[in-house]
Amino acid sequence: MKALRLHQVGELRLDEVTLPEPSPEETVVRVRYCALCRTDAKMWQKGQRDLVLPRVLGHEVSGIDLTSGREVVVWPGATCGSCSFCIQGSENLCPDIHIMGFNRDGGLAQAMVVPKESLIPVPAGVSLRLACLAEPLACCLNALHQIQTRPGDRILVFGAGPVGLLMGLAARSFSARAFVVEKEPARLEQSQVYLDRLGIPAGTQPSAKGFDAAINVCAATDTLFSGLRSTRAGGSFCLFSGLPHEDTITSDVVNEIHYRQLRVTGAYGCTRAQFHEALDIIRQHDRDIELLVEGEITLEEVTGHLPRIADGQALKILVRIE
Ligand SMILES: [Zn+2]
Ligand SMILES: [Zn+2]
């Protein structure tokens, strides 16, 4: 079968590979769609903490489970299933997790071997084309759960890339209201119809403070301080994106947390339960989410699109795999 493998940083090749035999706990998924993500582009450009090479990239996957014939999306983790995190429904924190497209082969291939436990059935009314976006949407839901979002909360979301835009939609499912902060007018123009349809305000950072929470869906370090300062006393900040290694955080940032009793949390990945929540949102908002899809490409065309994705200029690009 064909698989797009990253051999080393900057070297992505479409290889002919043999799919490994699945164990009794695993199954084979015939991939139909794999959405590209900025993380894929960054792995190609400079690697990533959890990346082990050579690797088939791709972690936003929908397809057909060849054992049951069902339409599925793939929760991109393979976990131990028995540690306290796995048992309590925080399986994204399992110390033995392998992440597909990072340190286990992912979905930019005609097929992939997946633990049966990582399959999530696609509900009626959701297309495989949009179902692959359950992964980024579930990651947004994870962030909103970490900051304990409540109805009526006002949330500042930094970054109007496709995931920041999904965060705005995810906030609505908590009956919370997001404001998406974006400095680049071109990015806002690209998504104006989506923002208008969902009634999500967006623009440069508002001078008003008192937000219940802020979430960085971009890696700019200054959003940490400006986000913390925009929240009310006792508010929250979620580090959804990691910050550049070369940046340092000064004590005035930490003291902002101290004096105003703020809560800072991280969010990395998502859980199976959040995948189910995400699929439900996709079912209700398929027409809105469709506005975030820039188009479909083939496996052969992926490399040519990665520079734009890395620069944050693209909306969601779906790789359609036959
Ligand atoms: Zn992703
Ligand atoms: Zn575990």
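Okay, so let's go over this structure. What you see is a predicted model, and the numbers here were worked out from it, not measured in a lab. (Residues numbered from 1 in each chain as written. Chains lettered and ligands numbered in written order. Predicted model: local features only at pLDDT ≥ 70, side-chain atom pairs only at ≥ 80, totals over all residues. Heavy atoms only, no water.)

Once that is clear, we can look at the pattern of salt bridges. Two side chains that carry opposite charge are able to pair once their charged atoms sit near each other. Tallied over the full model, the rule gives 19 salt bridges. Close ionic contact of Glu26 with Arg104 constitutes a salt bridge, the shortest N to O distance being 3.1 Å. Linking Glu26 in strand β3 (residues 26-35) with Arg104 in the loop between β8 (98-99) and β9 (111-115), this pair joins segments that are 78 residues apart in sequence. Classification of Arg104 by relative accessible area gives buried; the value is 18%. Here Arg187 and Glu182 are joined by a salt bridge, their closest N and O atoms 3.0 Å apart. Note on accessibility: Arg187 and Glu182 belong to one class, buried. Here the residues in one salt-bridge network are Arg129, Glu290, Glu296, Arg320 and Glu322, joined through shared partners. (Salt bridge = Lys/Arg side-chain N within 4 Å of Asp/Glu carboxyl O. Helix = DSSP H or I, 4+ residues; strand = E, 2+ residues; numbered from the N terminus. Buried < 20%, exposed > 50% of the residue type's maximum accessible area, 1.4 Å probe, protein only.)

Our focus in this paragraph is the coordination of the zinc ion (ligand 1). Where a metal carries four tetrahedral donors, each ideal angle is 109.5 degrees; where it carries six octahedral donors, the ideal angles are 90 or 180 degrees. Within the first shell, the zinc ion (ligand 1) binds the protein through Cys37 (SG), His59 (NE2) and Glu60 (OE), at distances of 2.1 to 2.5 Å. Sequence spacing of the donors to the zinc ion (ligand 1): C-x21-H-E. Here His59 and Glu60 have matching classes, each one buried. (Donors = N, O, S within 2.8 Å, 3.2 Å for Na, K, Ca; no water.)

Running from amino to carboxyl end, helix α4 (residues 134-146) crosses helix α5 (residues 162-173) at an angle of 60°, the nearest separation of the two axes being 9 Å. Relative to α5, α4 is oriented oblique. Both α4 and α5 take part in a crossing whose hand is right-handed. Contact residues: Pro136, Leu137, Cys140, Leu141, Ala143 and Leu144 in α4; Val163, Leu166, Met167, Ala170, Ala171 and Ser173 in α5. (Axes fitted to C-alpha atoms, helices over the stretch in contact; angles between N-to-C directions. Parallel < 35°, antiparallel > 145°, perpendicular 65-115°, else oblique. Left-handed = near helix turned anticlockwise from the far one by under 90°. Contact = heavy atoms within 4.5 Å.)

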